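Analysis of the macromolecular model
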Amino acid sequence: MTTDPLAALRLPIVPIEPRPEFADALLRRIEARPGPLDRQTATIRYFVADLDASVDFYCRLLDFEEELRPSPVFAMLYRGDLRLLLSVPGGAGAVHTLPDGTVPQPGGWNRMTLQVADLVSTADSLRRHQVVFRHDIEAGVGVRTLLVEDPSGNPVELIEPTSGYHERRNT
Amino acid sequence: MGTSDPGALVAIYRWALPQVYGYLLPRCGSVVVAEDLTAEAFMAAVAAMQQGAAPDVNVAWLIGVARHKLVDHWRRQGRDERSRALMTQSDEGIEDPWDEELDRVVLHAALAELNGFQRAALTLRYLDGLRVTEVAEHLGRSVHATETLLTRSKAALRRAYRRSHDD
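Residues numbered from 1 in each chain as written. Chains lettered and ligands numbered in written order. Predicted model: local features only at pLDDT ≥ 70, side-chain atom pairs only at ≥ 80, totals over all residues. Heavy atoms only, no water.

1. So, the interface of chain B and chain A
Counting residues at the interface gives 34 residues for chain B and 28 residues for chain A. Across the interface of chain B and chain A, roughly 3100 Å² is buried in total on both sides, 68% from carbon and sulfur atoms. The largest contributions to the chain B side of the interface with chain A come from Met 43, Gln 50 and Tyr 126 of chain B, which together make up 20% of the buried area. At the boundary of chain B with chain A, the tally comes to two salt bridges. Among the ionic pairs, Glu 35 of chain B bridges to Arg 19 of chain A, the shortest N-O distance being 2.6 Å. If you look at where chain B meets chain A, you find nine residue pairs in polar contact (both at pLDDT 80 or more). Breaking the side of chain B that touches chain A down by element, the ones donating at least two residues are helix H1 (7-28), helix H2 (31-50), helix H4 (104-111), helix H5 (116-127) and helix H7 (143-166) of chain B. Here the side of chain B that touches chain A is composed, by residue class, of 22 nonpolar, six polar and six charged. (Contact = heavy atoms within 4.5 Å. Buried area = accessible area lost by both parts, 1.4 Å probe. Salt bridge = Lys/Arg side-chain N within 4 Å of Asp/Glu carboxyl O. Polar contact = N/O pair within 3.5 Å; in protein donor to acceptor, adjacent residues only side chain to side chain. Helix = DSSP H or I, 4+ residues; strand = E, 2+ residues; numbered from the N terminus. Nonpolar A, V, L, I, M, F, W, Y, C, P; charged D, E, K, R; others polar.)

Take a look at the structure:
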């Protein structure tokens, strides 16, 4: 049996020290990586026309809690692990205005989806408060769903799980 | 039983880093690429540990992660090269054994001239000494396709070797 001439390519692993700056920077990245228990809060920003009306809508009707309202154009709300930022666009020096002057507008079709325990009673409550419905309760896949608008016209989807609803297991 | 605490990786970091870097640098031949791949390998190891998908943390496992990153790198490179149509050379004489004594330094230099797919296949098979079935697994190809790739890669290496040797 002949030896494969390419056996000469065999390259044992010999430790090589990388640049100390690289080694230190990588270690910092590893140590800074959040652990599984330090889950980061998911944050959504909605643009709204009327901050007071919006805070009232989310807190009174959809179980959010007001965390911060440091200015007339910004509020931070929480609902469980979800953080909702409400910003009033425009105005002098507004950070969300694009370089070409475009000002963000409320509305559109992308939406947050909030789970509720009883969709029918939630819908009744929202109706009593003259909330705009884009569509009434409908059957989706694994959920019943309802699409409403906040006072600025941003869509908010409400769901109630039904059989077949998939929930990721907590680890 | 695996380890899910990234602290276990930090504990062996100073010892493991030169081993992983020492595996990658001679194989890719570039400090910039070796540093990128080393960082990718360690961060992938952290992610795997956090997801509970890591075995006990040791250097052999980290080298395996680094090997995957190296192969991914060459596959990306191979795709780029293929799009530039550099794999057009013929395969004549590919069954001929090399009967001369090969110059190890020239051989490694010739290897660096090959495209990403060929370099990955030959590195895993010959530099790392993996079995063909293991090479196939790393490359995500069938054993038959891997054998074909290895044969063509050896032919390409031989041409590159002869060019270098004749210079």
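2. What to know about the sheet that holds strand E1 (residues 42-47) of chain A
All names here are of chain A. In space, the four strands of this open sheet follow the order E1-E4-E3-E2, with mixed pairing throughout. Looking at strand neighbours, the two that pair on one side only are E1 and strand E2 (65-71), the edges of this open sheet. Going from strand to strand, the sheet's axes swing by 20° on average, the running direction of each strand aside. In the sheet, E2 pairs with strand E3 (residues 74-79) via four bridges, with the strands oriented antiparallel. (Pairing = 2+ DSSP bridges. Axes fitted to C-alpha atoms, helices over the stretch in contact; angles between N-to-C directions.)

3. Comments concerning the sheet that holds strand E7 (residues 143-149) of chain A
Each strand in a sheet pairs with its neighbour through backbone hydrogen bonds, running either in the same direction (parallel) or in the opposite one (antiparallel). All names here are of chain A. Within the open sheet, the four strands sit side by side as E5-E8-E7-E6. Their pairing is mixed. The sheet is open, and its two edges are formed by strand E5 (112-115) and strand E6 (133-139), each paired on a single side. When the angles between neighbouring strand axes are averaged without regard to direction, this sheet yields 20°. When E7 meets strand E8 (residues 155-161), the two strands line up antiparallel, connected through seven bridges. Bridged to Val 148 within E8 is Val 156.

4. A closer look at the nonpolar core
Formed by 60 residues in total, the largest nonpolar core has its most connected members in Leu 26 of chain A together with Leu 9, Phe 42, Trp 61 and Leu 157 of chain B. Of all hydrophobic cores here, the second largest spans 26 residues; its members include Tyr 58, Leu 119, Leu 126 and Leu 158 of chain A. (Core = buried A, V, L, I, M, F, W, Y, C linked by side-chain atoms within 4.5 Å. Buried < 20%, exposed > 50% of the residue type's maximum accessible area, 1.4 Å probe, protein only.)

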